[in-house]
Amino acid sequence: MKCLCGKIKTTRLFQSGLFDVIKCSSCGQVRIETRDGAKRTGYYEEEDVKFYLSHQEMFRRLFGNLLRFIHRYAPSGTLMDIGAGVGLLLDEARNMGYRVIGFEPSKASVKAAKKYFGIELIPREFHKTLKNMNSNIDIVVINHVLEHLKNPKEIIGLCAETLSDTGVLVIGVPNFNSFMRWMKQGKWQSLIPAQHRWQFTLASLDELVLPHGFRRIAVSYENHDRSMHYWWKKPIYAALDRIALVTGHAEAMVVIYKKI
Ligand SMILES: [Zn+2]
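Let me sum up the structure you'll find in this document. Positions within a chain are numbered from 1, following the residues in the order the chain's sequence is written. Thresholds applied to this predicted model are a pLDDT of at least 70 for local features of residues and 80 or more for the giving and counting of side-chain atom pairs; totals over whole chains, interfaces and linings are not thresholded and use all residues. Hydrogens are left out, water is left out, and the side-chain values use all remaining heavy atoms of the structure.

### Notes on helix H7 (residues 202–209)
Consideration 1: Buried, partly exposed and exposed residues are distinguished by accessible area as a fraction of the type maximum, computed with a 1.4 Å probe on protein chains only: under 20%, between the cut-offs, and over 50%, respectively. Runs of H or I in DSSP of at least four residues are treated as helices and runs of E of at least two as strands, each being numbered from the N terminus. Taken across its eight residues, H7 has six buried, putting it largely inside the fold.
Consideration 2: Every buried residue belonging to H7 is among Leu 202, Ser 204, Leu 205, Asp 206, Leu 208 and Val 209, and all of these are buried.
Consideration 3: Whether two residues are in contact is decided by their heavy atoms: any pair within 4.5 Å suffices. For H7, the secondary structure elements touched by its buried residues are helix H5 (152–162), strand S7 (163–174), strand S8 (198–199), strand S9 (214–222) and strand S10 (252–259).

Below is the structure:
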């Protein structure tokens, strides 16, 4: 497998079960490769849909925060969600006054979005459809999707074509440069090697996105919920999380890019 930069030479960072986490020797992009017998998992199945529906309040809160962040830079227009899941983010966006469009290849998710929220998602992989779309989208959201894709470069290129001249691209990914990843390596909660093909840092995300005619205008960091930890660990995590947020080492990040 080649890196996004086209080079092949790599360094192995660490192992996680049947997966190897490796880094491109040329550009530093991190990717996850499978060993013999390792299986990657695909799109959302019925049980994932159930999880989203039963944890709806939590996801609505998360997506609400994300949308308020987006709203500061793009307060109106058409918002397109790539990998829309069961449509919770779009439902929240619609409540805030945005026009919404979403792509979702999982049949179970598309059905649920229609049934529970009355949202008609486009039931296809977006890169097969985007090619015929007009360049009039104001906001494209790729939230925790990019790291799953075989060819993220192609998707970013298509997003650039689809966005209007003043459009913004919003990307949410796990932060490979986080304290928790440094501490936990192969056991890091957001590594999810069976699903994630790529892992990004702010620098590697910039390297992927900026050549497509974007500039970075905002970054927001977030940590995971720590309520499941032992009571004696909580103050340690609270201190670490606070430092992580201000230094850019929290577990996930949302980055907003604007067309040049
Ligand atoms: Zn590379």
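Picking up after the structure, the text goes on.
### What about the coordination of the zinc ion?
Consideration 1: Donor atoms: N, O and S within 2.8 Å of the metal, or within 3.2 Å for Na, K and Ca. Because water is excluded, sites can look incomplete. For the zinc ion, the protein coordination sphere consists of Cys 3 (SG), Cys 5 (SG), Cys 24 (SG) and Cys 27 (SG), at 2.2 to 2.3 Å.
Consideration 2: Any site counts as irregular unless it has four donors with all angles between 85 and 135 degrees, making it tetrahedral, or four or six donors with opposite ones more than 155 degrees apart and the rest between 65 and 115, making it square planar or octahedral. Note that the zinc ion binds four donor atoms; their angles at the metal cover 103 to 115°, and the shape is tetrahedral.
Consideration 3: Counting residues between consecutive donors of the zinc ion along the chain gives the motif C-x1-C-x18-C-x2-C. Of this pair, Cys 5 sits in the segment before strand S1 (10–16) while Cys 27 sits in the loop between strand S2 (19–24) and strand S3 (30–34); the two residues are 22 residues apart in sequence, bridging distant segments of the chain.
Consideration 4: We classify Cys 5 as partly exposed; its relative accessible area is 35%.

### Examining the nonpolar core
Consideration 1: With 32 residues, the main nonpolar core has Ile 70, Leu 79, Val 86, Ile 139 and Val 170 as its most contacted residues.
Consideration 2: It is helix H2 (residues 56–73) that provides the largest number of residues to this core, a total of six residues.
Consideration 3: Once residues within four sequence positions are removed from consideration, Ile 70 is found in contact with Tyr 98, Ile 139, Val 141, Val 170 and Ile 256.
Consideration 4: In this text, buried Ala, Val, Leu, Ile, Met, Phe, Trp, Tyr and Cys residues form a nonpolar core when linked through side-chain atoms within 4.5 Å. Core analysis: the next-biggest nonpolar cluster, separate from the first, contains 31 residues, Phe 103, Leu 146, Ala 160 and Leu 169 among them.

### A look at the packing of helix H1 (residues 46–54) against helix H4 (residues 107–117)
Consideration 1: Here, axes are lines fitted to C-alpha atoms. For helices the fit covers the stretch in contact, and angles between N-to-C directions go from 0 to 180 degrees. The contact between H1 and H4 brings their axes to 9 Å, and the two run at 35°. When the axes of H1 and H4 are compared, the crossing they make is right-handed. When H1 is examined against H4, the residues Glu 46, Val 49 and Leu 53 are found in contact with a partner set consisting of Ala 108, Ser 109, Ala 112, Tyr 116 and Phe 117. Left-handed describes a crossing whose near helix is turned anticlockwise from the far helix through less than a right angle; right-handed describes the clockwise counterpart.

### Here we look at the pattern of salt bridges
Consideration 1: By definition, a salt bridge exists where a carboxyl oxygen of Asp or Glu is found within 4 Å of a side-chain nitrogen of Lys or Arg. Within the structure shown, the criterion is met by eight salt bridges.
Consideration 2: In this structure, Glu 92 engages Arg 60 in a salt bridge whose closest nitrogen and oxygen atoms are separated by 2.8 Å. Note that Glu 92 is positioned in helix H3 (residues 88–95) and Arg 60 in helix H2, a separation of 32 residues in sequence.
Consideration 3: Residue Glu 120 is joined to Lys 114 by a salt bridge in which the shortest nitrogen-to-oxygen separation is 3.5 Å.
Consideration 4: Owing to a relative accessible area of 59%, Glu 120 belongs among the exposed residues under this scheme.

### Observations regarding the sheet that holds S3
Consideration 1: In short, DSSP must find at least two bridges between two strands for them to pair. Spatial strand order, S1-S2-S3-S8: four strands in an open sheet with antiparallel pairing. The open sheet has two free edges, formed respectively by S1 and S8, since each of these has just one partner strand.
Consideration 2: In the sheet, S1 pairs with S2 via six bridges, with the strands oriented antiparallel. Its bridge partner being in S2, Thr 11 is matched across the sheet by Lys 23.

### As for the side chain of Asp 20
Consideration 1: Counting through the fold element by element, Asp 20 comes out in strand S2.
Consideration 2: In contact with Asp 20, other than residues within four places in its own chain, are Arg 12, Phe 14, Gln 15, Arg 31, Ile 32, Glu 33 and Arg 35.

### Remarks on the packing of aromatic side chains
Consideration 1: What counts as a ring pair is set by centres within 6.5 Å for rings of Phe, Tyr and Trp (its six-membered ring), and what kind of pair is set by the plane angle: stacked under 30 degrees, edge-to-face over 60, tilted for all other angles. Under the counting rule described, the total for this entry stands at ten aromatic pairs.
Consideration 2: An angle of 70° between the planes, with centres 6.4 Å apart, marks the rings of Phe 103 and Phe 126 as edge-to-face. Within this pair, whereas Phe 103 is found in strand S5 (residues 99–103), its partner Phe 126 is found in the loop between H4 and strand S6 (137–143), the two being separated by 23 residues in sequence.
Consideration 3: Owing to a relative accessible area of 5%, Phe 126 belongs among the buried residues under this scheme.
Consideration 4: An aromatic cluster is defined as three or more aromatic residues linked by ring pairs; in this entry it consists of Phe 51, Tyr 52, Phe 59 and Phe 63.
Consideration 5: Sitting over the ring of Phe 176, Arg 181 keeps its end group 3.9 Å from the ring centre. Sitting over a ring, as applied to charges here, requires NZ of Lys or CZ of Arg to be within 6 Å of the ring centre and within 35 degrees of the ring normal.

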